[in-house]
There are 2 protein chains.
Amino acid sequence: MEKVREIVREGRRVAKEDPRRVVHSFKVGLVLALVSSFYYYQPLYDSFGVNAMWAVMTVVVVFEFSVGATLGKGLNRVAATLFAGGLGIGAHHLASMSGATGEPILLAIFVFVQAALSTFVRFFPRVKARYDYSLLIFILTFALISVSGFREEQVLMLTHKRISTVIIGGLSCVLISIFVCPVWAGQDLHSLLASNLEKLSFFLLGIYISLSSCFIISDLKCITFFLRLVCLSLAGFGDKYCEAVGNDDTKEVDKRKNDFDNYKSVLNSKSNEESLANFAKWEPGHGQFRFRHPWKQYLALGELIRQCAYRIHALNSYLNDDTKVSIDIKKKLREPLRRMSLESGKAMKEMSMSLKNMTKPSSCELHVQNARSACKSLTNLLNSGILKEVEPLELISLLTAISLLIDIINLTEKILESLHELASAAKFKNKIERPNLLPEKTSAKSIVSVRPIKCHDDDHVITIIEDDGNDDDTSKNDSRKMKEVSNHGET
Amino acid sequence: MEKVREIVREGRRVAKEDPRRVVHSFKVGLVLALVSSFYYYQPLYDSFGVNAMWAVMTVVVVFEFSVGATLGKGLNRVAATLFAGGLGIGAHHLASMSGATGEPILLAIFVFVQAALSTFVRFFPRVKARYDYSLLIFILTFALISVSGFREEQVLMLTHKRISTVIIGGLSCVLISIFVCPVWAGQDLHSLLASNLEKLSFFLLGIYISLSSCFIISDLKCITFFLRLVCLSLAGFGDKYCEAVGNDDTKEVDKRKNDFDNYKSVLNSKSNEESLANFAKWEPGHGQFRFRHPWKQYLALGELIRQCAYRIHALNSYLNDDTKVSIDIKKKLREPLRRMSLESGKAMKEMSMSLKNMTKPSSCELHVQNARSACKSLTNLLNSGILKEVEPLELISLLTAISLLIDIINLTEKILESLHELASAAKFKNKIERPNLLPEKTSAKSIVSVRPIKCHDDDHVITIIEDDGNDDDTSKNDSRKMKEVSNHGET
């Protein structure tokens, strides 16, 4: 009983994660029931006979989640069936000329050579990526036609029937997958990259908020999470994350904390991106995507985003360090570091938005320039000798974090370049100017207030008042106010 | 014509990369020709009829590269066919009780519900990993049996024939794949992890060699490559890489240079490891692997190795920096840094060897301890104030490299722990002591001599004499000698 309940729960989770899965399941059921009922009708049965089952088989095997995968498999199957059918008839004809004893031997040799050769070609990386299924069906059809031809004599008729039923099955899959709630692999790839960029911006803006506070409040670890909440409200994710802050439900809080580690999914996104791009190449033009949309450019962009995620992963391990650098120096470094993380985070966020909306990135350059100038003022600061009195050991994690951040800014610039290339190749539109406030700004007005939370060593009451999010300018003097009352030893 | 030649070249490359691919192709051809000839024999044809084609189909679809994948697919297919066959007969019986008009409607509903439900279950991550193919065949068989049953009446006979032919096809695949040159996914996973460890050790030993020299010779970039060659001869790769050093063939040199970036393949190995582990779970005991070998532990180990590769990737970008730290300080830091990279590299190499030979890692602890103590002496050195006069900006890349190296040593320790867990779970043997010299030491005697090479700014003649590789001890005073003649402005 418990097991059943668990399965139902898992089912709900899977459906919630992507509701299109439910729709897809219904679509498969529909097409299969439709094609099976073809089989019932006497006239159709009379013309195709048992061969009608090939239509059922084609539907089951070809109908994939996305239009691109379905089209790719369908076209592969039809082309391979046609080609192998022709060759199979030829092989059968050749074998039949060699007499009753020679025929089976010659056919076996044909099947052997064809299967071995095709199986080997399936190992070619370029073939494997796009035509693997084609070759599988080629081997299958050739063997079936040449062998069963040995029995039935009416090879031509068999081939004809097999091909027409495969086309019927394939066509119904393709039509349903395109016209009933289509799932476009291209759109998915596009959204994946935009969301990956967003995940990185999320992290960088989180650092910014931590930096804005860690020099004021001593217990960094305890409050980092709540300060990041503010960042979320800044970044437009506010409502979703703030609603349950009042809860003492630690499980819930833990779950949300994990959301900040979202960037980790970017680290292993390569194979997913590649298969989506392969599917997308099969898809016809849809929505804002033309038939020959520059999908290759998406892979290049994805690679750069992943490179940036590697740096963020390294940076993350240093942020969890307890840095022992004196507050004095921290205060001095704070301003440029904050600007660096804020501006790179904003640039990422903008790029994610511009990719999502398919508009040319406009203000990103400004953010990257700002980040660069913040880098410069940081290096000037470092050159001015403020680190002279710091113990070298204490410097290590600080300087490592700084150099990783500089790396991230360099990569942000590269990502922007790659996005520009994509924008011109895919003919993104120019951004339409909207009234003053960007949409994500409105949610920044939310006021977050937090109850006392138990920390591992001492307790804080933190009240964060987010006034209106007008710190979209270079934020030399941002207007966020923070009050913190430390009630040591109470509760 | 050019196209054909290119395909032949690609074919050669694919075959050379893994010769088992050629064997596999022959195996597929053989089984297929064998099963097809079943079809020719009158007695077999009489009992199975057209249904014999299911055997052919099963072979084409089920025969995969590794034993695990073939077994998994074969078992999935047979089980699903049995189960769906039973259900299909039940559905047919139920529908036939509802009269001539009700029957097709009821059958269509059954097919719809079954297909939609199974398709949805295929999205469950755990099901997708191991039983995806099972569900596909389940949908297919159920639809075919319940629908064709509507026509033929002899449903039981059909089901019986289909199941026996599927079993014949599946069994011949499994038998051939196990007994003729088997490719074990478990063995592949095992070797993959060992080679990943080796790639990392490769890189770390390369750093060691660079460090051994970059403080003597000014033009680091130009000689790094050749010095790494020495490292290779140390690490046992010597012969392969040294043979063509005398050539001026820059293409060849470039190609080899790329081999040093081998560690990059570790970054994206996750999906490969996961699918191999999934296949390996299906495999029976073979060689040194029991049936329930702890494959899960391999995934944990692989994850740690990947984490280490991320750090190495970050470190690599700093190594290409032109560091401007004064030679004086470099000289002071050189000894602990060299020891750190050497010892961690050796630990990796040892772990790779111990994994490869399935022996308990014995001397790794020593290497890790040595690396740790080198870390300590480095921190003492840093604390002694030698960096006081260095410009902070120049410190950044130096300290970042140091902290990443420390990170790598921490991860090496974690990898060792994980390897110990694996060794006890998989019952690795204790290491058998061999006569004094380890096998990789013998190739270290090779003498590498290099002709003048054109550099971007000036030219060097480098002669590296590798005497006997006895620097396996903690190498306070290693016996490598290097002569370097800088002929500025010549050549």
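Residues numbered from 1 in each chain as written. Chains lettered and ligands numbered in written order. Predicted model: local features only at pLDDT ≥ 70, side-chain atom pairs only at ≥ 80, totals over all residues. Heavy atoms only, no water.

In the nomenclature of an unreviewed UniProt entry, chain A is known as Aluminum-activated malate transporter of Capsella rubella. Looking at chain A in UniProt, the text filed under Subcellular location (unreviewed entry) is "Membrane". UniProt, in its Sequence similarities (unreviewed entry) section for chain A, records the words "Belongs to the aromatic acid exporter (TC 2.A.85) family." (UniProt positions renumbered as here; feature names shortened; annotations may be inferred.)

Draft legend 1. Spotlight on the overall build of chain A. Looking only at helices and strands, chain A features 18 helices and three strands. Within the span of chain A, comprising 491 residues, buried residues form 55% of the whole. Considering only contacts in chain A between residues 6 or more positions apart, those separated by 24 or more positions represent 79%. Only carbon and sulfur atoms are counted for the fraction: they give 59% of the accessible area of chain A, which is about 22,200 Å². (Helix = DSSP H or I, 4+ residues; strand = E, 2+ residues; numbered from the N terminus. Buried < 20%, exposed > 50% of the residue type's maximum accessible area, 1.4 Å probe, protein only. Contact = heavy atoms within 4.5 Å. Areas by Shrake-Rupley, 256 points an atom, 1.4 Å probe, with all protein chains shown as cover.)

Draft legend 2. Inspection of the pattern of salt bridges at higher detail. All names here are of chain A. Considering all chains together, one arrives at 36 salt bridges over all chains under this definition. Among the ionic pairs, R306 bridges to E303, the shortest N-O distance being 2.8 Å. One end of the pair, R306, and the other, E303, are both in helix α15 (residues 295-319), three residues apart, so they sit about a helical turn from each other. Judged by its relative accessible area of 28%, E303 falls in the partly exposed class. Within this structure, E10, R13, E17 and R21 form a network of salt bridges that share partners. (Salt bridge = Lys/Arg side-chain N within 4 Å of Asp/Glu carboxyl O.)

Draft legend 3. Highlighting the interface of chain A and chain B. Listed as interface residues are 80 residues of chain A and, on the opposing side, 81 residues of chain B. In this structure, the connection of chain A to chain B is made through zero salt bridges. Seen at the junction of chain A and chain B, the total is six residue pairs in polar contact (both at pLDDT 80 or more). The biggest single contributor to the side of chain A that touches chain B is helix α2 (residues 20-40) of chain A, with 13 residues. Of the residues contributing to the side of chain A that touches chain B, the split by class is 51 nonpolar, 17 polar and 12 charged. (Polar contact = N/O pair within 3.5 Å; in protein donor to acceptor, adjacent residues only side chain to side chain. Nonpolar A, V, L, I, M, F, W, Y, C, P; charged D, E, K, R; others polar.)

Draft legend 4. Representation of the environment of K199 of chain B within the structure. Residues and elements named next belong to chain B. Secondary-structure assignment places K199 in helix α9 (residues 185-214). Note: C-alpha distance between K199 and E10 (189 residues apart in sequence) is 25 Å. Those residues in contact with K199 that sit more than four places away from it in its chain are N262, Y263, S265 and V266.

Draft legend 5. Structural detail: the UniProt feature "transmembrane region" (unreviewed entry) in chain A. Residue and element names in this part refer to chain A. Taking the UniProt record as the reference, the feature "transmembrane region" (unreviewed entry) is found at residues 21-40, 52-71, 78-99, 105-124, 131-151, 163-185 and 197-218. With 91% helix and 0% strand, the stretch residues 78-99 has end C-alpha atoms that lie 32 Å from each other. For residues 105-124, the end-to-end C-alpha separation is 30 Å, with 85% helix and 0% strand making up the annotated structure.

Draft legend 6. View of the side chain of R77 of chain A. All names here are of chain A. Topologically, R77 is positioned in helix α5 (residues 67-96). Salt bridges are absent for the buried R77, whose nearest opposite-charge side chain, E64, sits at 10 Å. For R77, the residues in contact, after removing those within four places along its chain, are W54, T58, V61, V62, Y133, I137, R162 and V166. (Lys, Arg positive; Asp, Glu negative; His and termini not counted.)

Draft legend 7. Inspection of the packing of aromatic side chains at higher detail. Counted according to the given criterion, the structure contains 17 aromatic pairs over all chains. Ring geometry for W295 of chain A against Y298 of chain A: centres 5.2 Å apart, planes inclined by 40°, an arrangement best described as tilted. A residue pair is termed a helical-turn pair when its members lie 3 or 4 positions apart in one helix, as W295 of chain A and Y298 of chain A do in helix α15 at three residues. Like Y298 of chain A, W295 of chain A is buried. With 5.9 Å between their ring centres and 85° between their planes, F120 of chain B and F124 of chain B make a pair best called edge-to-face. Residues F120 of chain B and F124 of chain B agree in their burial class; the two are buried. Through a chain of ring-to-ring contacts, the aromatic side chains of F289, W295 and Y298 of chain A assemble into a single cluster. (Phe/Tyr/Trp six-rings, centres within 6.5 Å; stacked < 30°, edge-to-face > 60°.)

Draft legend 8. Seen up close, the nonpolar core. In this structure, L200, L355 and I415 of chain A together with L200, L355, L399 and I415 of chain B are the most contacted members of the largest nonpolar core, which totals 132 residues. V28 and V56 of chain A together with Y39 and A84 of chain B belong to the second-largest nonpolar core, a separate cluster that totals 70 residues. (Core = buried A, V, L, I, M, F, W, Y, C linked by side-chain atoms within 4.5 Å.)

Draft legend 9. Structural context of the environment of Q187 of chain B. Residue and element names in this part refer to chain B. Tracing the sequence through the fold places Q187 in helix α9. The partly exposed category is assigned to Q187, whose relative accessible area is 32%. Between the C-alpha atom of Q187 and that of H286, which follows or precedes it by 99 residues, the distance is 8.9 Å. Dropping the residues within four chain positions of it, Q187 is found in contact with H286 and F289.

Draft legend 10. Focus on unusual backbone geometry. All names here are of chain B. The phi torsion at C181 lies on the positive side, around 40°, for a residue other than glycine. Residue position: C181 is located in the loop between α8 (155-179) and α9. Of note, M358 is a non-glycine position whose phi angle comes to about 55°, a positive value.

Draft legend 11. Expanded view of the packing of helix α5 (residues 67-96) of chain B against helix α6 (residues 99-121) of chain B. Residues and elements named next belong to chain B. Packing of α5 against α6 brings their axes to within 8 Å, and their N-to-C directions diverge by 145°. α5 and α6 meet at a crossing whose hand is right-handed. Across the interface between the two elements, A91, H92, L94, A95 and S96 of α5 pack against G99, E103, L106, L107 and F110 of α6. When its residues are assigned to classes, the contact of α5 with α6 shows six nonpolar, three polar and one charged. (Axes fitted to C-alpha atoms, helices over the stretch in contact; angles between N-to-C directions. Left-handed = near helix turned anticlockwise from the far one by under 90°.)

Draft legend 12. Structural detail: the domain arrangement of chain A. Residues and elements named next belong to chain A. Looking at chain A, the domain boundaries give domain 1 (1-179) and domain 2 (185-235 + 251-426). At the junction of domain 1 with domain 2, the criterion picks out one salt bridge. In this structure, D188 and R20 form a salt bridge, with 3.0 Å as the shortest nitrogen-oxygen distance. For the side of domain 1 that touches domain 2, the element with the most residues is α5, which contributes seven residues. Across the side of domain 1 that touches domain 2, the residue classes tally to six nonpolar, four polar and two charged. (Domains from an automatic or database assignment.)

Draft legend 13. Spotlight on the relation of the copies chain A and chain B. Between chain A and chain B, which share one sequence, the superposing operator has a rotation angle of 180° and an axial displacement of 0.0 Å; the RMSD is 0.0 Å. The superposition of one copy onto the other is thereby described by a two-fold rotation axis. Proximity to the rotation axis, assessed at the C-alpha, singles out T400 of chain A in chain A; its C-alpha lies 2.3 Å from the axis. Counting the interface residues of chain A, we find that 100% of their copies in chain B are interface residues as well, pointing to one common contact surface. (Least-squares fit on C-alpha atoms with pLDDT ≥ 70 in both.)

Draft legend 14. Layout of the confidence of the model for chain A. Residue and element names in this part refer to chain A. Averaged over chain A, the pLDDT score is 75; the fraction of residues at 70 or greater is 72%. Within chain A, the lowest mean pLDDT, 31, falls on helix α11 (residues 238-242), and the highest, 91, falls on helix α1 (residues 2-17). The model gives residues 436-491 a pLDDT under 50, and that stretch makes 108 contacts with residues more than four places away or in other chains. Here the predicted complex scores 0.75 on pTM and 0.76 on ipTM. (pLDDT = per-residue confidence, 0-100.)

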